[in-house]
Amino acid sequence: MLQITETAEYQKLLAELRANARVISISGLVAGAARALAVAALQRETGKTFAVVAQSTRDLESWERDLRFWYSALSGQDGDNEILVLPASETDPYAGTSPHAQTLERRALALWRLRQHSSKFVLLTARALARKTVTPEEIGKTGAVLRRDEDHSPEELVEKLMATGYMREDPVGAVGEFSMRGGIVDVWPPGRDAPVRLEFFGDTVDSVREFDPENQLSTSQLKEVEVPPMHEFAVTALDFQLWSEAARERWSDERYDRSLRDRTAFADEGEAFTGWEWLIPIIKNCTSTVFDHLGDAVLVVDEPGGIESYLSEFYENLSERYRQIDEADDIALAPDELFLTAEELRQLVPTRQRVELRTLGRTAVETDLELALEAEAPKVQLGRSRGTRQPVFLFPVVDRALEIEWQAQSTLRYHGRIADLAAEVTRSVEDGKSTLFVMPSLGVAERIVDILKEYKIETRLAFTTESSEGYQPVVVTVGRLSSGFELPQSRLIVHVEADVFDETADSVERRPAGVERSQKTEKKKRKSKAAAFLSDFRDLKAGDYVVHIDHGVARFGGLQTLDLGPRTGEFM
């Protein structure tokens, strides 16, 4: 089904990667889902770890969804443990607030697994590339691997759990919680679908069982379990007290007294305070970089020009915020204590093999350079002058860099015009092209199969793109992709649900520039759809049976208005 490995572009790219070419530039892969397919295929062929650097956390969400589908489609395996996401807090480090708990959890899990295993993909943001952290050796000590019939003190395990962000709750009902009753420790580590019950006989692990949090009954026996940390810093009550002493010494000037008291009032008692993660490096060794954790992974840079611009603005804002916070007599660490400087990044980036994904290739590189030079000039924004923004130049033009043009293009949107879609699929089959429909659920996939059969188009429903049944020009499978696309050289067309039926809210948000509809039209359309939807349900009576397109037969219980704080809505 997937013929991309047979193209000259792919084979040339594969050869250069195997030969360890330092910089490879790929242009033309417009759709994010097409980029993910290329990266997944190259990883499968080379066996290398690919570290994808995107601009923001939102970009990581698309990369994770697309890579998860293609990895599963190409290998037939679940990618849960093979795709690690290493975000960085998008919040202001000088706002006095802690990073979001989910960000802390995902960072800790990714760093832990990088230490314990060799994963195939690591997804990280530009900020995560620059963020300083603990060493791989230190992150290895924050978690634990417990094996049946091996010794591990339950008291030491509990201390480690409390130091790395776990909360004591009985019974355990969510990720990051634990409880201890005698020689039994229940814990729900991140990355697991269910909690684990550890029974100790003295200091020996006597039993490891997964259990259902709803009824507390065991569901399976395990030989071992990994217990990663919930955040990358292991901080005890004593550490907070030590921090309090170090902070008084560092910020001894009386102008910091008020700000210092706000923190030490908690730290002196061995308790955490809001935003401690941005201040703890004064007693913790946090000078390691993400490069120390990635090993010899290949850096895949998604739109280097965008990342250059983002980091340039980030560094400028960081310096300005630190200046403001210091002038306000608040305590804070300097930017270079929390993040790598642009100069340090410039030295580290060339130490790794690098693949750059650029929509426009070298033309874009030259444009990026011109924009960066222009950005050195002082700017005026909203009537006030801004400081000089210094370009970071992380990804300069390399004369000997290989550039490969690998063309991809967006697919047509049919908006429910099934006859037009069927005609196009028929033409594609006659032209020897392959068409893959990736639908979000089995119900929608079966619906597509039935629709195409009505137009006499032979279609196969499959759960992997690799088939032992020989070549099939039209395949429908279940999965989630961010967008459809076409690879002309590979003679492959991929459609997603939004291509076939009317647009979803997500596709409206991501509509390419130049094809926007007016806000008034869009709002009116959404309103009429919602009214028709609710009208259909009001024709039903409580207790009537209904059929859900994804989940099958259900019983209708009625419509109810719920107040959800910022908005009130009617729910079925």
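In what follows, the structure referred to is the one given above.
Reference entry: report on the structure contained in this document. (Residues numbered from 1 in each chain as written. Predicted model: local features only at pLDDT ≥ 70, side-chain atom pairs only at ≥ 80, totals over all residues. Heavy atoms only, no water.)

1. So, the side chain of Thr142
1) Next: Structurally, Thr142 can be placed in helix α6 (residues 136-142).
2) Next: A distance of 2.6 Å separates a polar atom in the side chain of Thr142 from the backbone oxygen of Ile139.
3) Next: Leaving out residues up to four positions away in the same chain, Thr142 has contacts with Lys160, Thr164, Pro229, Glu232 and Ala234. (Helix = DSSP H or I, 4+ residues; strand = E, 2+ residues; numbered from the N terminus. Polar contact = N/O pair within 3.5 Å; in protein donor to acceptor, adjacent residues only side chain to side chain. Contact = heavy atoms within 4.5 Å.)

2. Re the sheet that holds strand β19 (residues 460-461)
Strand-to-strand pairing in sheets goes through backbone hydrogen bonds, with the strands running parallel or antiparallel.
1) Next: The strand order across the open sheet formed by 5 strands is β19-β20-β18-β22-β21, and the pairing between neighbours is mixed. Since the sheet does not close on itself, it has two edges, and those belong to β19 and β21 (485-487), each with one partner.
2) Next: Alignment of β21 against strand β22 (residues 492-496), held across 3 bridges, turns out to be antiparallel. Bridge pairing in β22 links Glu486 to Ile493.
3) Next: Of the strands in this sheet, β18 (434-439), β20 (474-478) and β22 are in contact with helix α15 (residues 418-430), which crosses β18 at around 140°. (Pairing = 2+ DSSP bridges. Axes fitted to C-alpha atoms, helices over the stretch in contact; angles between N-to-C directions.)

3. Here we look at the sheet that holds strand β9 (residues 196-201)
1) Next: If you walk across this open sheet you meet the 6 strands as β6-β7-β8-β9-β10-β11, and the pairing is mixed. Whereas interior strands pair on both sides, the edge strands pair on one side only; in this sheet they are β6 (167-168) and β11 (218-221).
2) Next: The sheet contact formed by strand β10 (residues 204-211) and β11 spans 3 bridges and is antiparallel. In the sheet register, Phe211 faces β11, and the bridge partner there is Ser218.
3) Next: Set on the sheet, helix α7 (residues 154-163) makes contact with β6, β7 (177-181), β8 (184-187) and β9; between it and β7 the angle comes to about 155°.

4. What to know about helix α11 (residues 304-327)
1) Next: Between the first and last C-alpha of α11 there are 35 Å, a value that for 24 residues agrees with the 34 Å anticipated at 1.5 Å per step.
2) Next: If you check which residues of α11 are buried, you get Pro304, Gly305, Ile307, Glu308, Tyr310, Leu311, Ser312, Phe314, Tyr315, Glu316, Leu318 and Ile325.
3) Next: Immediately beyond the C-terminal end of α11, within one or two residues, lies Asp329, with a positive phi of roughly 65°. (Expected span 1.5 Å × (residues − 1). Buried < 20%, exposed > 50% of the residue type's maximum accessible area, 1.4 Å probe, protein only.)

5. Some points on the pairing of strand β1 (residues 23-27)
1) Next: Among the 5 residues of β1, 5 are classified as buried, and the element is accordingly described as predominantly covered.
2) Next: The alternating pattern of β1 places Val23, Ser25 and Ser27 on one face and Ile24 and Ile26 on the opposite face, and all of these are buried.
3) Next: Two elements, β1 and strand β17 (residues 402-405), share 4 bridges in a ladder whose sense is parallel. Across the sheet, Ile24 pairs through a bridge with Leu402, a residue of β17.

6. What about the packing of helix α8 (residues 237-250) against helix α9 (residues 257-267)?
Helix packing geometry: the angle between the two helix axes and the distance between the axes.
1) Next: Contact geometry of α8 with α9 gives a least axis separation of 8 Å together with a crossing angle of 150°. When the axes of α8 and α9 are compared, the pair comes out roughly antiparallel. Two packed elements cross with a definite hand, and for α8 against α9 that hand is left-handed. Along the contact surface, α8 presents Phe240, Gln241, Trp243, Ser244, Ala247 and Arg248, while α9 presents Leu260, Arg263, Thr264 and Ala267. (Parallel < 35°, antiparallel > 145°, perpendicular 65-115°, else oblique. Left-handed = near helix turned anticlockwise from the far one by under 90°.)

7. Focus: the packing of aromatic side chains
Aromatic ring pairs are defined here through the distance separating the ring centres and the angle between the ring planes.
1) Next: All told, the structure shown has 12 aromatic pairs when counted by the stated rule.
2) Next: An angle of 85° between the planes, with centres 6.1 Å apart, marks the rings of Tyr71 and Phe121 as edge-to-face. A residue pair is termed long-range when its members are at least 10 positions apart, and Tyr71 in helix α3 (residues 57-75) and Phe121 in strand β4 (residues 121-125) qualify at 50 residues.
3) Next: The exposure class of Tyr71 is buried, given its relative accessible area of 6%. (Phe/Tyr/Trp six-rings, centres within 6.5 Å; stacked < 30°, edge-to-face > 60°.)

8. What to know about a negative patch on the surface
1) Next: Taken together, Asp151, Glu155, Glu156, Glu159 and Asp203 make up a surface patch of like negative charges.
2) Next: If you trace the backbone, Glu155 turns up in helix α7. (Patch = residues over 30% accessible without salt bridge, like charges linked within 9 Å, V, L, I, M, F, W, Y side chains within 5 Å. Areas by Shrake-Rupley, 256 points an atom, 1.4 Å probe, with all protein chains shown as cover. Salt bridge = Lys/Arg side-chain N within 4 Å of Asp/Glu carboxyl O. Lys, Arg positive; Asp, Glu negative; His and termini not counted. Charge placed at Lys NZ, Arg CZ, Asp CG, Glu CD.)

9. Concerning a nonpolar patch on the surface
1) Next: On the surface, a nonpolar cluster with roughly 280 Å² of combined accessible area is contributed by Leu442, Leu461 and Phe463.
2) Next: Mapped onto the elements of the fold, Leu461 is located in strand β19.
3) Next: With a relative accessible area of 31%, Leu461 lands in the partly exposed category.

10. A word on the nonpolar core
1) Next: Counting residues in each nonpolar core, the largest one holds 57 residues, and the members touching the most others are Leu124, Trp243, Trp251, Leu294, Leu311, Tyr315 and Leu345.
2) Next: Considering every element that reaches this core, the biggest residue donor is α11, with 7 residues.
3) Next: If we skip the residues at most four places from it in the chain, Leu294 touches Ala51, Leu114, Val122 and Leu299.
4) Next: One finds Ile83, Val85, Ala408 and Phe485 within the second-largest nonpolar core, a separate group that totals 53 residues. (Core = buried A, V, L, I, M, F, W, Y, C linked by side-chain atoms within 4.5 Å.)

11. Remarks on the pattern of salt bridges
1) Next: Within this structure, the stated rule accounts for 30 salt bridges.
2) Next: Close ionic contact of Arg35 with Asp302 constitutes a salt bridge, the shortest N to O distance being 2.4 Å. Of this pair, Arg35 sits in helix α2 (residues 32-46) while Asp302 sits in strand β13 (residues 298-302); the two residues are 267 residues apart in sequence, bridging distant segments of the chain. The pair formed by Arg35 and Asp302 is uniform in burial state, with each residue classed as buried.
3) Next: Here Arg106 ties to Glu64 by a salt bridge, and the two come within 3.1 Å at their closest N and O atoms. One end of the pair, Arg106, is in helix α4 (residues 101-116); the other, Glu64, is in helix α3, and 42 residues separate them in sequence.
4) Next: For Arg106, a relative accessible area of 31% puts it in the partly exposed group.
5) Next: Here the salt bridges share partners, and the residues they tie into one network are Asp170, Arg181, Asp186 and Arg197.

Functional significance is not addressed by these values, which are geometric in nature.
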